[in-house]
Amino acid sequence: MTFASQMIQYLFTGLTLGSIYALVALGFTMIYNATGIINLAQGEFVMLGGLVMVFFAAVLKMPLYLGLLLTILVVTLVGVIFERLAIHPLKEASLITLIMITLAGSILFRGGAMFLWGKDPYALPAFTQSRPVQFLGATLQAQIFWVLGITVFAVAGVHFFFNRTLIGKAITACAFNPLAARLIGINVRKMVLLSFALSAAVGAVAGAIITPITLMEYDRGPLLALKGFAAAVLGGLGSGIGSVLAGFIIGILESFGAGLISSGYKDAIALLVLLIILWVKPTGILGSEEESGLKKF
Amino acid sequence: MLMKRKDLSIILIIAFVIGVFPWLTGKNEYFISLLVFMGINAMITLGLSLLMGYAGQISLGHAAFFGLGAYSSGILTVQYGLSPVAGFVFGILLSAAVAYLVGIPTLRLKGHYMAVATLGFGEIVFILFNELSFLTGGPSGLSGIPALAVGDLPLEGTAYLYLVWGLVLLLLLFSLNLINSRVGRALRAVHGSELAAGAMGVDASLYKIQVFVLSAVYASMGGSLYAHFISFISPSSFSLMFSILLLMMVVVGGTETIWGAILGAAVLTLLPEYLRGLEDFEVLAYGAILMAVLLFMPKGILEGFQRLWARAQGGS
């Protein structure tokens, strides 16, 4: 393989990883915008998405679209129950309690997954059984295109929802000013529930599409959440488009880092980016000071 | 002494219980090692409690400082043949220096950002423990760490128990004095409102960094004691899960007073021993317990039981 084709290989691996980080970051952003909470269980939605998809598609041998649909439904339901049982009852909770409650949720989901699926990683067949594509000397699995395509579709859908539908705009209004939103008749608590549901759904999609490439096991969540959060912060927390772009940047950095520097340190790259951004410019590269004050999508 | 009589009597009670414990159980090795681990955990949560309860800062990366202490002791004694005291002191200095350097930019962050930044820091240190295998032995760990000894007399069993808990009680005394001193009042002011504290002339960022460094030093001491006690360390003991467990101890016990941290460390050190029969349920049980405490006793079980006790007495 020539150097150039190797670079292309890394680039596509990076884009694939980046898609997942972008979707995780988008999930963070949606909940953050509606509630101001960083949902530390966001990575667990991805993990659950992967494992539930394995159950439907590989164990029950359901057709692809039906499996994916049911997976999204199940994980969304998990997100809704989580919000109802853990977030909703909190009234005037301290910041430490808010942080700990999503952490408790993540442990609970991880424990549940370990109980149901055990500690072994699970494989999922690729969505289509076509041969790898040769592109400028690089060998690309067909699943990569599924990941990229579905990610673009999901991001566009979320973007459309928040900018073109009444409910989406209502959630955005809650983010701007919850009191004012309530005054004009928006049910803020329902919007919070909706943000958890959507965020779980997006996580489920990410998990379902990446599992054929990376496998999935019960304890994958925290690292995915950290990298997704790195993307959300890099993109300027609260900015949907920013976090998606940043997700791809981190995926590409990680892939080139693993290929050119050392695979042992690949996870450290995203974390270093996270720390440096938090330390130097917490508003992110794409978020302006003004915008982060307004918390706009 | 800047200390309340009640605090002092609790310390004396703990000292007495630890003192007679080995004799009551016929020096049972299992019980003694359980108490040693409890002491090590209590040492770390003591620092975390100061950081969370008094300075209002959250850290999801304290397993890193625990690990820095443990690996300092392990590497200096095993790889370089130095004395355990050198490892102990080096661990403290290293942890303090790292905490200071990481703390300056991190403590400027608030709430969630601080939590995630410390989480990221902890993961990076965890990766380093795995990757710097010429020093740390990599994922397979570092073995043959010598036991502590005074002269030719190795400190084992009961003696080690007394050493660990003696240190815990000393740090407890120190922490209680700190809380009841000018520094403690300043910290509570910072916790209440950083802005108001600043207006009163309290240098909030200075106090926060001092407590962060102090808590890292406590964790490092715990790490060194841990390494010499079990003689083998591997990165898995210093993962995110341990950071979360430490945080859980403080939250479950209660962040209102420092006693909550001690109680939390005691309860969550003993709990896994009883959960062991559940095997695959263990993580699930942790999550459920943490969730239940947060929802029903947000101020921790210490305060929760005190309230229940008061209600029971009032009702009868």
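What you see is a predicted model; the values in this text were computed from it and never measured.

Trainee: Please explain the overall build of chain B as it appears in this structure.
Mentor: Secondary structure summary: chain B contains 14 helices and 4 strands in total. With the principal axes as the frame, chain B shows a C-alpha extent of 55 × 50 × 45 Å. The buried share of chain B, reckoned over its 316 residues, is 48%. By sequence separation, contacts in chain B at least 24 residues apart represent 77% of the contacts at least 6 residues apart.

Trainee: How do you make sense of the overall build of chain A when you look at a structure like this?
Mentor: Helix and strand content of chain A: 12 helices and 2 strands. Whereas a compact globule of 297 residues would reach a radius of gyration of roughly 19 Å, chain A reaches 19 Å, a difference of no more than 12%. Counting only C-alpha atoms and orienting by the principal axes, one finds that chain A spans roughly 60 × 45 × 35 Å. With 297 residues in all, chain A has 52% of them scored as buried. Contacts in chain A between residues at least 24 apart in sequence constitute 77% of all its contacts with a sequence separation of at least 6.

Trainee: For this particular structure, what's the right way to read helix H11 (residues 266–280) of chain A?
Mentor: The periodicity of an α-helix, 3.6 residues per turn, causes residues three or four positions apart to be oriented the same way. Here H11 of chain A spans 22 Å end to end across 15 residues, near enough to the 21 Å set by a 1.5 Å rise per residue. For H11 of chain A, every residue scored as buried is listed here: Asp267, Ala268, Ile269, Ala270, Leu271, Val273, Leu274, Leu275, Ile277 and Leu278 of chain A. Next to the buried residues of H11 of chain A lie helix H9 (221–234) and helix H10 (240–260) of chain A together with helix H5 (111–131) of chain B.

Trainee: Can you help me understand the interface of chain A and chain B in this one?
Mentor: Every contact between the two is made by 33 residues of chain A and, on the other side, 33 residues of chain B. Those elements that provide at least two residues to the side of chain A that touches chain B are helix H4 (95–117), H9 and H11 of chain A. In terms of residue count, the dominant contributor to the side of chain A that touches chain B is H4 of chain A (15 residues). Along the lines of polarity and charge, the residues of the side of chain A that touches chain B split into 27 nonpolar, 4 polar and 2 charged.

Trainee: Even after reading the chapter, I still don't get the nonpolar core, so can you show me in this structure?
Mentor: The biggest cluster of nonpolar side chains holds 199 residues, and the ones touching the most others in it are Ala230 of chain A together with Leu290 of chain B. It is helix H10 (residues 204–230) of chain B that provides the largest number of residues to this core, a total of 16 residues. The residues touching leucine 290 of chain B, leaving out its near neighbours within four places in the chain, are Met100, Ala104 and Ile107 of chain A together with Met248 and Val252 of chain B.

Trainee: Which parts of the structure should I look at to understand the confidence of the model for chain A?
Mentor: The predicted coordinates should not be examined in detail at positions where pLDDT is low. Of all residues in chain A, 95% attain a pLDDT of 70 or more, and the chain-wide mean is 88. Confidence drops under a pLDDT of 50 for residues 289–297 of chain A, and excluding neighbours within four residues, the segment shows 19 contacts in the predicted structure.

Trainee: So what exactly am I meant to see when it comes to the environment of phenylalanine 229 of chain A here?
Mentor: Mapped onto the fold, phenylalanine 229 of chain A is located in helix H9. Residue classification places phenylalanine 229 of chain A among the buried residues on the basis of 32 C-beta atoms within 10 Å. Note: C-alpha distance between phenylalanine 229 of chain A and serine 243 of chain A (14 residues apart in sequence) is 8.8 Å. With near-sequence residues (within four places) excluded, phenylalanine 229 of chain A lies in contact with Phe28, Ile38 and Leu274 of chain A together with Val116 of chain B.

Trainee: So what exactly am I meant to see when it comes to helix H7 (residues 157–179) of chain B here?
Mentor: When the terminal C-alpha atoms of H7 of chain B are compared, their 33 Å separation across 23 residues agrees well with the 33 Å that a helix rising 1.5 Å per residue should span. For H7 of chain B, the secondary structure elements touched by its buried residues are helix H1 (5–24), helix H2 (29–54), helix H8 (182–192), H10 and helix H12 (258–275) of chain B.

Trainee: Just to check I follow, could you spell out the environment of leucine 8 of chain B for this structure?
Mentor: Residues and elements named next belong to chain B. In this fold, leucine 8 is placed in helix H1. We classify leucine 8 as partly exposed; it has 13 C-beta atoms within 10 Å. Taking the C-alpha atoms as reference, leucine 8 lies 41 Å from aspartate 280; in sequence the two are 272 residues apart.

Trainee: Help me understand the environment of threonine 29 of chain A, please; the structure alone is not making it clear to me.
Mentor: Residue and element names in this part refer to chain A. Tracing the chain through its elements places threonine 29 in helix H1 (residues 3–35). Residue classification places threonine 29 among the buried positions, given that 31 C-beta atoms sit within 10 Å. Once the C-alpha coordinates of threonine 29 and glycine 238 are considered, the two residues, 209 residues apart in sequence, prove to be 5.1 Å apart.

Trainee: What's the story with the packing of helix H5 (residues 142–164) of chain A against helix H8 (residues 188–214) of chain A in this structure? I'm lost.
Mentor: The geometry of a pair of packed helices is captured by two quantities: the angle between their axes and the separation between those axes. Residue and element names in this part refer to chain A. With their axes 9 Å apart at the nearest point, H5 and H8 run at an angle of 170° to one another. Here H8 runs roughly antiparallel to H5, going by the angle between their axes. Residues Gln143, Trp146, Val147, Ile150, Ala154 and Val158 of H5 lie in contact with H8, whose contacting residues are Val202, Val205, Ile209, Ile210, Pro212 and Ile213. Looking at side-chain class alone, the contact of H5 with H8 contains 11 nonpolar, 1 polar and no charged residues.

Trainee: Help me out: how do you make sense of unusual backbone geometry in this one?
Mentor: Across residues other than glycine, the phi torsion is negative in most instances, and most of the peptide bonds are trans. Residues and elements named next belong to chain A. Unlike most non-glycine residues, lysine 61 shows phi in positive territory, near 55°. Along the chain, the position of lysine 61 falls in the loop between helix H2 (42–59) and helix H3 (64–87). A tally of 8 C-beta atoms within 10 Å means that lysine 61 is categorised as exposed. Positioned with a positive phi, leucine 136 is a non-glycine residue whose angle comes to about 50°. Its place among the elements puts leucine 136 in the loop between strand E1 (133–135) and strand E2 (138–140).

Trainee: I'm lost on the packing of H10 of chain A against H11 of chain A in this one. Help?
Mentor: Residue and element names in this part refer to chain A. At a minimum axis separation of 8 Å, H10 and H11 run at an interaxial angle of 140°. What the angle tells us is that H10 and H11 run oblique. Every pair of crossing elements has a handedness; the one defined by H10 and H11 is right-handed. Here Ile250, Leu253, Glu254, Gly257 and Ala258 of H10 come into contact with H11, specifically with Lys266, Ile269, Ala270 and Val273. For the contact of H10 with H11, the residue count by class is 6 nonpolar, 1 polar and 2 charged.

Trainee: Please clarify how the confidence of the model for chain B should be interpreted in this entry.
Mentor: All names here are of chain B. When pLDDT is averaged along chain B, the result is 89, and 98% of the positions lie at 70 or above. The secondary-structure element of chain B with the lowest mean pLDDT is strand E3 (residues 153–154), recorded at 78, while helix H3 (residues 62–78) shows the highest, at 96. Under the prediction, the complex receives an ipTM of 0.86, its pTM being 0.90.

Scoring rules and cut-offs
- Position numbers for residues count from 1 along each chain, tracking the sequence in the order it is written.
- Each chain takes a letter, starting from A, and each ligand takes a number, starting from 1, following the order in which they are written.
- Local features in this predicted model are restricted to residues of pLDDT 70 or higher, and side-chain atom pairs are both shown and tallied only at a pLDDT of 80 or more, whereas totals for entire chains, interfaces and linings draw on every residue.
- Segments assigned H or I by DSSP are reported as helices when at least four residues long, segments assigned E as strands when at least two residues long, and all are numbered from the N terminus.
- Burial is judged by counting other C-beta atoms within 10 Å of a residue's own C-beta: 20 or more means buried, 12 or fewer means exposed, and anything between counts as partly exposed, with every C-beta placed from the backbone.
- Placing a C-beta atom from the backbone of each residue, one calls two residues in contact when those atoms lie within 7 Å.
- For this measure, only C-alpha atoms enter the radius of gyration; the expected value for a globule follows 2.2 Å times N^0.38, where N is the number of residues.
- Expected span, for any helix, means 1.5 Å times one less than how many residues it has.
- Think of it as three bins: nonpolar holds Ala, Val, Leu, Ile, Met, Phe, Trp, Tyr, Cys and Pro, charged holds Asp, Glu, Lys and Arg, and polar takes everything else, Gly as well.
- By our criterion, buried Ala, Val, Leu, Ile, Met, Phe, Trp, Tyr and Cys residues that link up through C-beta atoms within 7 Å make up a nonpolar core.
- pLDDT measures how confident the predictor is about each residue, on a scale from 0 to 100.
- Here an axis means a line fitted to C-alpha atoms, over the contact stretch when the element is a helix, while the angle between two N-to-C directions is reported on a 0 to 180 degree scale.
- Working rule for angles: under 35 degrees goes down as roughly parallel, over 145 as roughly antiparallel, 65 to 115 as roughly perpendicular, anything else as oblique.
- Crossings are sorted by hand: turned counterclockwise from the far helix by less than a right angle, the near helix makes the crossing left-handed, and turned clockwise it makes it right-handed.

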